[in-house]
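Coordinates in review
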Amino acid sequence: MTDTIEIGPEFTEALHAEDWDRLEELWLEALDARPIPTAELLEVRRLIWKGGRKNLARTLLELLADSLEEGSNPSEALAALRELVRLASPKPPTELTERMVNALAKVRSDSPSLEAVLGKYPMVTARRPIEELEAAECWLDHDLGSVVEVVGQGVGRVVDLNLQLENIKVDLGGSRPVSIPFGAVRRHLRPLPEGDFRRRKVEIPEELASFVENETGAALAEVLESLGEPSGVSAIKAALEGLLPTAKWTSWWTKARKNPRVLSSGSGSRLRYTVSHSAESADEALLEELRAASPSDRLAIARRLADRGRETAAAAAAVLEESLASLEGPEPGLAWQTAGILASLPGGSEAARSGRQRLIESDAPLALLSGIADRGARSVALSARVESSAWL
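Residues numbered from 1 in each chain as written. Predicted model: local features only at pLDDT ≥ 70, side-chain atom pairs only at ≥ 80, totals over all residues. Heavy atoms only, no water.

A few words now on the overall build of the chain. Looking only at helices and strands, one finds 21 helices and 7 strands in the chain. Taken against the 2.2 N^0.38 rule, which gives 21 Å for 392 residues, the C-alpha radius of gyration of the chain at 30 Å runs more than 25% over that of a compact globule. Along the first, second and third principal axes, the C-alpha set of the chain runs to 95 × 65 × 35 Å. In the chain, which comprises 392 residues, the proportion classed as buried is 41%. (Helix = DSSP H or I, 4+ residues; strand = E, 2+ residues; numbered from the N terminus. Rg over C-alpha atoms; globule rule 2.2 N^0.38 Å. Buried < 20%, exposed > 50% of the residue type's maximum accessible area, 1.4 Å probe, protein only.)

This is the structure we're talking about:
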């Protein structure tokens, strides 16, 4: 999914009014800003083009490219020049394509295979220079020495680029490097950005092992950020292999998962962990999950919320209290279990006590007891019912 680029209110107003003169003024003002808001301007260009003013869009884009080439951010200059080349019809001028190649060379100046890759993909003479550019960037993303993930196999360094045979080899620490055909690279290799946990595992393993041992919660958060998707314990263990002794796993895991940024979902073999940007966003994410969940699924989510601070637990109590009365008639057993969790949350004891009292006094004791899945909770309900005068 492509991220939505937000544009400022002045640009938005001018676009809605189709005030092209005002758009030019705003564009020139933006070019004087430092840093230049390149992503916003590229989005404005797209909308101008979509509005039918293609010549204006191209002219403004040329001004942007000129300004960026004079600056110190070749990556943004390359982004603007890429757009100009892409929009050129039927074929971009040689000078424009050369500017794009020069910007690429600046962006990738540290790449050991830059010269060989540019030789393989002569964009200036190519019929489809953008396709050539994308292929070159793919090679350079996986250049010699790069730390990459081989999907489903592990993380290691690229040790060989064979441009003639179109093949990349990655050393995962085994007896032989893993060989990936270039046509399958985008599916099977994932470059890891600087600072990524699993990349640092290859680059600075001893320093990272110390971090894992001493900063358990932060280490778990970085592991989950690196994995990039809801992950089970096995995936987390695999990321820590070689950094954390097996004998220390249980105590480490007990401490690490208390990090308030760490979220869990599912249960049993489907239990998965993710990480939020902050403890506050994690709490809000769990509360949203609680509100959207079915009444039965809310039980497990509410238990997780009980340990996330008084304010968050109180918000969870409010959600359970709101649903309690509606459960008493159709699902008395679930209502009893909900009241049990509600009683343990801040501000929920009185509503829980009242709800359970109504359930005890109901004229359907079998429906109540048969609907309680938890054995302990069912025993408590039975005892309360026996002691109640409503049983007589």
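Pairs of aromatic rings are described using the distance from one ring centre to the other and the angle between the two planes. Counting across every chain of the model gives 4 aromatic pairs. For the ring pair W139 and F182, a centre distance of 4.2 Å and an interplane angle of 5° mean the geometry is stacked. Taken as a pair, W139 in helix 8 (residues 129-141) and F182 in the loop between strand 4 (178-181) and helix 9 (185-188) lie far apart in primary sequence, 43 residues in all. Using a relative accessible area of 13% as the deciding quantity, one classes F182 as buried. These aromatic residues form a ring-pair network of at least three members: W249, W252, W253 and Y273. (Phe/Tyr/Trp six-rings, centres within 6.5 Å; stacked < 30°, edge-to-face > 60°.)

Spanning 19 residues, helix 17 (residues 310-328) covers 27 Å between terminal C-alpha atoms, matching the ideal 27 Å at 1.5 Å per step. By the burial criterion, the buried members of helix 17 are T312, A313, A316, A317, V319, L320, S323, L324, L327 and E328. Buried residues belonging to helix 17 abut helix 15 (279-292), helix 16 (298-305), helix 18 (332-343) and helix 19 (349-360). (Expected span 1.5 Å × (residues − 1). Contact = heavy atoms within 4.5 Å.)

With that settled, the discussion passes to the side chain of D143. Along the chain, D143 turns up in the loop between helix 8 and strand 1 (147-150). Buried charge without a salt bridge: D143, with R108 as the nearest opposite-charge side chain at an N-O distance of 7.3 Å. When residues no more than four places from it in sequence are discounted, the contact partners of D143 are S111, P112, S113, L114, V158 and L161. (Lys, Arg positive; Asp, Glu negative; His and termini not counted. Salt bridge = Lys/Arg side-chain N within 4 Å of Asp/Glu carboxyl O.)

Okay, helix 16 next. Residues lying three or four places apart along an α-helix face the same way, a consequence of the helix completing one turn every 3.6 residues. In terms of burial, helix 16 is largely enclosed, as 6 of its 8 residues are buried. Looking at the buried residues of helix 16, the elements they touch are strand 6 (262-265), helix 15, helix 17 and helix 18.

Turning next to the sheet that holds strand 1. Overall, antiparallel pairing links the 5 strands, which are arranged 4-3-2-1-5 in an open sheet. Strand pairing shows two members of the sheet lacking a second neighbour, strand 4 and strand 5 (189-191), which therefore form its edges. Recorded for the sheet is a direction-independent mean angle of 40° between the axes of neighbouring strands. Taken together, the 4 bridges between strand 1 and strand 2 (residues 154-162) define a ladder with antiparallel strand orientation. Looking across to strand 2, one finds that V147 is bridged to R157. (Pairing = 2+ DSSP bridges. Axes fitted to C-alpha atoms, helices over the stretch in contact; angles between N-to-C directions.)

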